[in-house]
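Listed below are the residues making up each chain.
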Amino acid sequence: MHPPHPEIRLRLALDRAAALRREADDQRLARSARRTAPPPRRAGTVRRRVGWALVEAGLRLALSGRGATAAP
């Protein structure tokens, strides 16, 4: 088998280098986006907070209403 022409070898090396640079840039951008992005919020966390706020409000209403109904 004959060795490839020097210009073809150079062109292949340039194309490979450009592909590697693009891949490195993509990985760098993805890594910086992960660092700067806020953590994802879970729907269960919000639901749990609202649920406990309702429980607390209900307990306050129950305790404040108990004193008012106990007096004759």
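As a starting point, this report considers the structure included with it. Quick caveat: nothing in here was measured; it's all calculated off a predicted structure.

## Quick word on the pattern of salt bridges
One pass over the full model with this rule turns up three salt bridges. Note that D25 is salt-bridged to R28, the shortest N-O span being 2.7 Å. Of this pair, D25 and R28 both sit in helix α1 (residues 6-36), three residues apart, which is roughly one turn of that helix. By relative accessible area, D25 is classed as partly exposed at 37%. Residue R28 is classed as partly exposed on the basis of its relative accessible area of 45%. The residue R60 makes a salt bridge to E56 at a minimum N-O spacing of 2.8 Å. Taken as a pair, R60 and E56 lie in helix α2 (residues 43-70) at a separation of four residues, close to a single helical turn. Assessed through its relative accessible area of 41%, E56 is described here as partly exposed.

## A few points about a nonpolar patch on the surface
Judged by side-chain polarity, V46, V50 and L54 come together as a nonpolar surface patch covering roughly 270 Å² of accessible area. Take V46: it is sitting in helix α2. Residue V46 is classed as partly exposed on the basis of its relative accessible area, which comes to 38%.

## As for the environment of R60
R60 gets classed as exposed once you look at its relative accessible area, which sits at 56%. There is a polar contact of 2.8 Å between the side chain of R60 and the side chain of E56.

Cut-off values and rules
- Residues numbered from 1 in each chain as written.
- Predicted model: local features only at pLDDT ≥ 70, side-chain atom pairs only at ≥ 80, totals over all residues.
- Heavy atoms only, no water.
- Salt bridge = Lys/Arg side-chain N within 4 Å of Asp/Glu carboxyl O.
- Helix = DSSP H or I, 4+ residues; strand = E, 2+ residues; numbered from the N terminus.
- Buried < 20%, exposed > 50% of the residue type's maximum accessible area, 1.4 Å probe, protein only.
- Patch = residues over 30% accessible without salt bridge, like charges linked within 9 Å, V, L, I, M, F, W, Y side chains within 5 Å.
- Areas by Shrake-Rupley, 256 points an atom, 1.4 Å probe, with all protein chains shown as cover.
- Polar contact = N/O pair within 3.5 Å; in protein donor to acceptor, adjacent residues only side chain to side chain.

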